[in-house]
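Summary of structural features
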Amino acid sequence: EDTVDELIDLIRQMDFPLANCRYLVATHADADHVQGFVRAKELLPSAQLVAHPHARRILESNDRIAAFAEIPAQQISINLPALKIDRDIDEGDRLELDGAGLDVWHTPGHAVGQLSFRFGRLLFSGDNIFRDGCVGSIDAHHGSDLPAFIRSLQRIQGSGVEWLLPSHGPAFRNDRKLLQSAIDRLDRYQHMADFGTCAVDWPLLDDWEDELARGVHPTS
Ligand SMILES: [Zn+2]
């Protein structure tokens, strides 16, 4: 929000006529990614605000929990302006620019409405994965989904895209090993109580039932 004017100044300095700015893209509905759009809309009135339908639902209903604007346990309560999305975009769409285009990928997992954008060898990869191998935070109240997250990371890994441009931190190479270590970690989370609200099962309970049925004593 505080940096919108600065960012738009940077665009101006590149000699890019602001009237040609076509889109303001909400890669997903998180407050830290969309807070500045009210101001950006004022400065770029001809740009369309575009988002995935799931992100639209969160933003237009001002769902502060799903947008990470309200996290009472961490005393986080930040401004989330009500937003009106001009146009839905989804998997298979293309954002047309002069002589080029961005292919829209729906890459859910961190958030339900998480989008990525392919531009040749580059992928604007949102909060899917960062240079240190960390991924966007996993939280059921935020709509995170571990099996979907794994599929999104596998897609990026096998895509042939060479460079990832994440929403946070520096750009980095689409390194097979780095992606695989994140995928393997998320695969384990699916079966661990650590991420219980997103886990798909907990093998310990089956093991225990089996031990009870076989009459195995826990201390033996
Ligand atoms: Zn996010």
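Residues numbered from 1 in each chain as written. Predicted model: local features only at pLDDT ≥ 70, side-chain atom pairs only at ≥ 80, totals over all residues. Heavy atoms only, no water.

- An unreviewed UniProt entry annotates the protein chain as Glyoxalase of Planctomyces bekefii.

Observations regarding the sheet that holds strand S8 (residues 115-119)
- Pairing in this open sheet of six strands is mixed, and the strands run S6-S7-S8-S9-S10-S11 from one edge to the other. A single partner strand is all that each edge strand has here, and the edge strands are strand S6 (94-97) and strand S11 (172-173).
- The pairing of strand S9 (residues 122-126) with strand S10 (residues 163-166) spans four bridges and is classified as parallel. In the sheet register, leucine 122 faces S10, and the bridge partner there is tryptophan 163. (Pairing = 2+ DSSP bridges. Helix = DSSP H or I, 4+ residues; strand = E, 2+ residues; numbered from the N terminus.)

Here's the deal with the domain arrangement of the protein chain
- According to the domain assignment, the protein chain contains domain 1 (1-89) and domain 2 (92-220).
- Contacts between the two partners involve 21 residues from domain 1 and, on the opposite side, 22 residues from domain 2.
- Across the domain 1/domain 2 interface, buried area totals approximately 1,600 Å², and carbon plus sulfur atoms make up 63% of it.
- On the domain 1 side of the contact with domain 2, Thr27, Phe68 and Ile89 bury the most area, a combined 29% of that side's loss.
- For the pair domain 1 and domain 2, the number of links is one salt bridge.
- Across the pair arginine 22 and aspartate 98 runs a salt bridge whose closest N-O atoms are separated by 2.8 Å.
- Summed over the shared surface of domain 1 and domain 2, the number is twelve residue pairs in polar contact (both at pLDDT 80 or more).
- The biggest single contributor to the side of domain 1 that touches domain 2 is helix H4 (residues 53-60), with four residues.
- Within the side of domain 1 that touches domain 2, the residues separate by chemical class into ten nonpolar, five polar and six charged. (Domains from an automatic or database assignment. Contact = heavy atoms within 4.5 Å. Buried area = accessible area lost by both parts, 1.4 Å probe. Salt bridge = Lys/Arg side-chain N within 4 Å of Asp/Glu carboxyl O. Polar contact = N/O pair within 3.5 Å; in protein donor to acceptor, adjacent residues only side chain to side chain. Nonpolar A, V, L, I, M, F, W, Y, C, P; charged D, E, K, R; others polar.)

Quick word on empty space enclosed by the protein
- One pass over the full model with this rule turns up one cavity of 30 Å³ or more.
- Reported here for the largest cavity is a volume of approximately 40 Å³.
- Ala29, Asp30, Ile58, Ala66, Ala111, Val112, Gly113 and His142 are the residues that line the largest cavity.
- Considered class by class, the residues forming the lining of the largest cavity number five nonpolar, two polar and one charged.
- Both domain 1 (1-89) and domain 2 (92-220) contribute no fewer than three residues apiece to the lining of the largest cavity. (1 Å grid on protein atoms, 1.4 Å probe; cavity = no way out; pocket = protein on both sides within 12 Å on 5 of 7 lines; lining within 4 Å. Points joined across faces, edges and corners; volume = space filled by probe spheres on them.)

Focus: the sheet that holds strand S1 (residues 23-26)
- Here we have three strands laid out as an open sheet, ordered S1-S2-S5, and parallel in their pairing. A single partner strand is all that each edge strand has here, and the edge strands are S1 and strand S5 (87-88).
- Summarising the sheet, S1 and strand S2 (residues 48-51) pair through four bridges and their orientation is parallel. Within S2, the position partnered with tyrosine 23 by the bridge is glutamine 48.

Some remarks on H4
- Residues of H4 that are buried: Ala55, Ile58 and Leu59. Across the axial projection of H4, the buried residues extend over an arc of 95°, all falling on one side.
- Taken together, the buried residues of H4 touch S1, helix H2 (31-34) and S2.
- Of the residues trailing H4, asparagine 62 is marked for its positive phi of about 50°. (Buried < 20%, exposed > 50% of the residue type's maximum accessible area, 1.4 Å probe, protein only. Arc of directions from axis to C-beta.)

Some words on the packing of aromatic side chains
- Under the counting rule described, the total for this entry stands at one aromatic pair.
- On the numbers, 4.5 Å between centres and 40° between planes, the contact of tyrosine 189 with phenylalanine 195 is tilted.
- Residue phenylalanine 195 is classed as partly exposed on the basis of its relative accessible area of 24%.
- Arginine 155 extends its terminal NZ or CZ atom over the ring of tryptophan 105, reaching a point 4.1 Å from the ring centre. (Phe/Tyr/Trp six-rings, centres within 6.5 Å; stacked < 30°, edge-to-face > 60°. Lys NZ or Arg CZ within 6 Å of the ring centre and 35° of its normal.)

Structural notes on a nonpolar patch on the surface
- A surface patch of nonpolar side chains, amounting to about 540 Å² of accessible area, comprises Trp202, Leu204, Leu205, Trp208 and Leu212.
- Along the chain, tryptophan 202 falls in the loop between helix H6 (176-189) and helix H7 (203-214). (Patch = residues over 30% accessible without salt bridge, like charges linked within 9 Å, V, L, I, M, F, W, Y side chains within 5 Å. Areas by Shrake-Rupley, 256 points an atom, 1.4 Å probe, with all protein chains shown as cover.)

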